[in-house]
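# Descriptive analysis of the structure
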Amino acid sequence: MVAPLMTTFATEAELARCIAQSAPGCATDAETTLYRRYAPRARLFGLRHLRDAQAAADFMQQVMLMTIEQLRCGKLKDPDKLGSFIFGLCRMVMLELRRGGARRKGILERYQSHLATVDPVEPVALDGDRVARCLEGLPERERAVLIMTFYEERPAQDVAAILGLTPGNVRVIRHRGLIRLRQCMAGGGSLP
Amino acid sequence: MKESLCSAPVGFDALIEYWLGELPKPETERIDEHIILCGQCAAKLGEIVLLSQAIRDVFRKGNIHVILTPNFLDHLIKQGIRVRQYRCSLNGSVACTVTTEDELLVGRLAVPLAGVTRLDALSRRSCDDVEHRFSDIPFDAGANEIVVATNLTRMRRLPSHQHIVRLVAVEKETDRLIGQYTFNHTAHG
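Computed from a predicted structure; not experimentally measured. (Residues numbered from 1 in each chain as written. Chains lettered and ligands numbered in written order. Predicted model: local features only at pLDDT ≥ 70, side-chain atom pairs only at ≥ 80, totals over all residues. Heavy atoms only, no water.)

### As for the overall build of chain B
- On a plain count of helices and strands, chain B comes out with 5 helices and 9 strands.
- Traced from its N-terminal end to its C-terminal end, chain B shows the element sequence α-α-α-β-α-β-β-β-β-β-β-α-β-β.
- A compact globule built from 189 residues should have a C-alpha radius of gyration of about 16 Å, whereas chain B, at 22 Å, is more than 25% larger.
- Oriented by its inertia axes, the alpha-carbon framework of chain B measures out at about 65 × 45 × 30 Å.
- Split into buried and exposed, the 189 residues of chain B put 49% on the buried side.
- Of the side chains in chain B, 22 bear a positive and 24 a negative charge, and the two mean positions are spaced by 6 Å. (Helix = DSSP H or I, 4+ residues; strand = E, 2+ residues; numbered from the N terminus. Rg over C-alpha atoms; globule rule 2.2 N^0.38 Å. Buried < 20%, exposed > 50% of the residue type's maximum accessible area, 1.4 Å probe, protein only. Lys, Arg positive; Asp, Glu negative; His and termini not counted. Charge placed at Lys NZ, Arg CZ, Asp CG, Glu CD.)

### With respect to the domain arrangement of chain B
- Domains assigned within chain B are domain 1 (12-60) and domain 2 (66-185).
- Centre-to-centre separation of domain 1 of chain B and domain 2 of chain B, based on C-alpha positions: 33 Å. (Domains from an automatic or database assignment.)

### As for the packing of aromatic side chains
- Per the counting criterion, the structure on display carries 5 aromatic pairs over all chains.
- Of the aromatic side chains, those joined through ring pairs into one cluster are A:F45, A:F59 and A:F87.
- Across the ring face of B:F12, the terminal group of A:R182 is positioned such that the distance to the ring centre comes to 3.6 Å. (Phe/Tyr/Trp six-rings, centres within 6.5 Å; stacked < 30°, edge-to-face > 60°. Lys NZ or Arg CZ within 6 Å of the ring centre and 35° of its normal.)

### Here we look at the domain arrangement of chain A
- Considered domain by domain, chain A is made up of domain 1 (12-115) and domain 2 (128-186).
- Between domain 1 of chain A and domain 2 of chain A, the C-alpha centre-to-centre distance is 35 Å.

### Concerning the nonpolar core
- By size, the foremost hydrophobic cluster in this structure holds 59 residues, and its most contacted members are A:L135, B:I35, B:F59, B:L68 and B:L104.
- Per-element tally for this core: the top contributor is helix α3 (residues 39-60) of chain B, with 10 residues.
- Ignoring sequence-local partners within four residues, the contact set of B:L68 consists of A:M148, B:F59, B:L76, B:L104, B:V147 and B:A149.
- In terms of nonpolar packing, the next biggest core, distinct from the first, is built from 29 residues, A:L15, A:L34, A:I68 and B:I36 among them. (Core = buried A, V, L, I, M, F, W, Y, C linked by side-chain atoms within 4.5 Å. Contact = heavy atoms within 4.5 Å.)

### Comments concerning the state of the cysteines
All names here are of chain A.
- What the rule picks out here adds up to 1 disulfide over all chains.
- There is a disulfide in this structure between C134 and C184, and the S-S distance comes to 2.0 Å. Torsion about the S-S bond of the C134 and C184 cystine: about -80 degrees, corresponding to left-handed handedness. Placement of C134 in helix α6 (residues 128-136) and of C184 in helix α9 (residues 167-186) is noted, with a sequence separation of 50 residues between them.
- Cysteine C26 shares no disulfide, and the gap to the nearest cysteine sulfur, in C18, comes to 9.9 Å.
- Cysteine C73 is unpaired, with the sulfur of C26 as its nearest cysteine sulfur at 16 Å.
- For C73, a relative accessible area of 54% translates into the label exposed. (Disulfide = S-S within 2.5 Å.)

### Some words on the sheet that holds strand β5 (residues 119-125) of chain B
Residue and element names in this part refer to chain B.
- Taken in spatial order, the 5 strands line up as β3-β9-β8-β5-β6 in an open sheet, and their pairing is mixed. Both edges of this open sheet fall to β3 (93-96) and β6 (131-134), since each of them pairs with a single strand only. Recorded for the sheet is a direction-independent mean angle of 25 degrees between the axes of neighbouring strands. (Pairing = 2+ DSSP bridges. Axes fitted to C-alpha atoms, helices over the stretch in contact; angles between N-to-C directions.)

### Here's the deal with empty space enclosed by the protein
- Scanning the model with the defined rule gives 2 cavities of 30 Å³ or more in all.
- Computed from the structure, the largest cavity encloses a volume of approximately 50 Å³.
- Taken together, A:Y151, B:F59, B:R60, B:L76, B:I81, B:E103 and B:L104 make up the full set of residues lining the largest cavity.
- Split by residue class, the lining of the largest cavity holds 5 nonpolar, no polar and 2 charged. (1 Å grid on protein atoms, 1.4 Å probe; cavity = no way out; pocket = protein on both sides within 12 Å on 5 of 7 lines; lining within 4 Å. Points joined across faces, edges and corners; volume = space filled by probe spheres on them. Nonpolar A, V, L, I, M, F, W, Y, C, P; charged D, E, K, R; others polar.)

### Observations regarding the pairing of β3(B)
Residue and element names in this part refer to chain B.
- On β3, burial follows the alternation: V94 and C96 on one face are buried, whereas S93 and A95 on the facing-out side are not.
- Inspection of the sheet shows β3 paired to strand β9 (residues 174-185) by 4 bridges, in the parallel sense. In the sheet register, V94 faces β9, and the bridge partner there is F183.

### So, the side chain of A:R48
- For A:R48, the location among the structural elements is in helix α2 (residues 28-50).
- B:D32 is the oppositely charged side chain nearest to the buried, salt-bridge-free A:R48, at an N-O distance of 5.4 Å. (Salt bridge = Lys/Arg side-chain N within 4 Å of Asp/Glu carboxyl O.)

See below:
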């Protein structure tokens, strides 16, 4: 069986207009395109500010649902500014989450089944064995700094206090370590 | 619909600083917006997130040899990580093992670090009799202790053996032995 071709959109404005002018459930291709493009970005925004994968996934879903809802309500005045519009929603949802927003539950209940058909955005994890091999190939100091940094995503100032170094020194070591680690990962797991 | 090229790409280091919360608020907000608007920079940030997650996973599985500090180890213990630790006095020895329940295996080596500027560790196991040198290991001079987390996966595969670690201060390209530690390891099960 041949899968039906998805409608393509030349511009973001065209995409936004298509969703805005369609009844719920009648712009599936446009909604899928919107979701695939912006959901991973909204998820990153959520992760950065919430530091929790499940909370970020919920945040992403809420932002995307609100985007579609508000496009249909004609809230986007300039269709060329779709990205900025979504950024505004990200900020608003984050603010509401921090206030413990009651609005969230209502929106999710209204639209959840509708977006459930869109592929979830799950990033592919890196090869753990390769990462371990590459980390073990780093100089001791770089490995220690990377692990103490990323174990709990701590800023240079915290790691510096743990190791008795200056924050600037930690940044330099971290920078070198990450360059080597990325080179190793790109090279299939062996350090240059 | 094609992604247009980014006209003002955010550098990798700036994205790392953004991710770790090191930037001032206005810069954080600028990158917040840029990540939503720009697919290329969002993809770079996505790479950082995956790398961060992978490093965390490797450490949580005990799948890595790494030098820690006493206060970082205390923090892990407070978090409930199952740590098997062996303290070894200066020039002393200790009997040790590892079990399947352990999440982290550490040796705590007491060592006088005053005046030391560079510290190397020489490691030799009787089961392979090859000496490995770990250069310029990180340490907190005030702690007078080195905490070595061993690769658990590798340790669980090793037979009973003796492991000797020598810590040397490197001064003008010359080694000065400051401590020797013997771990008599019994394989578990």
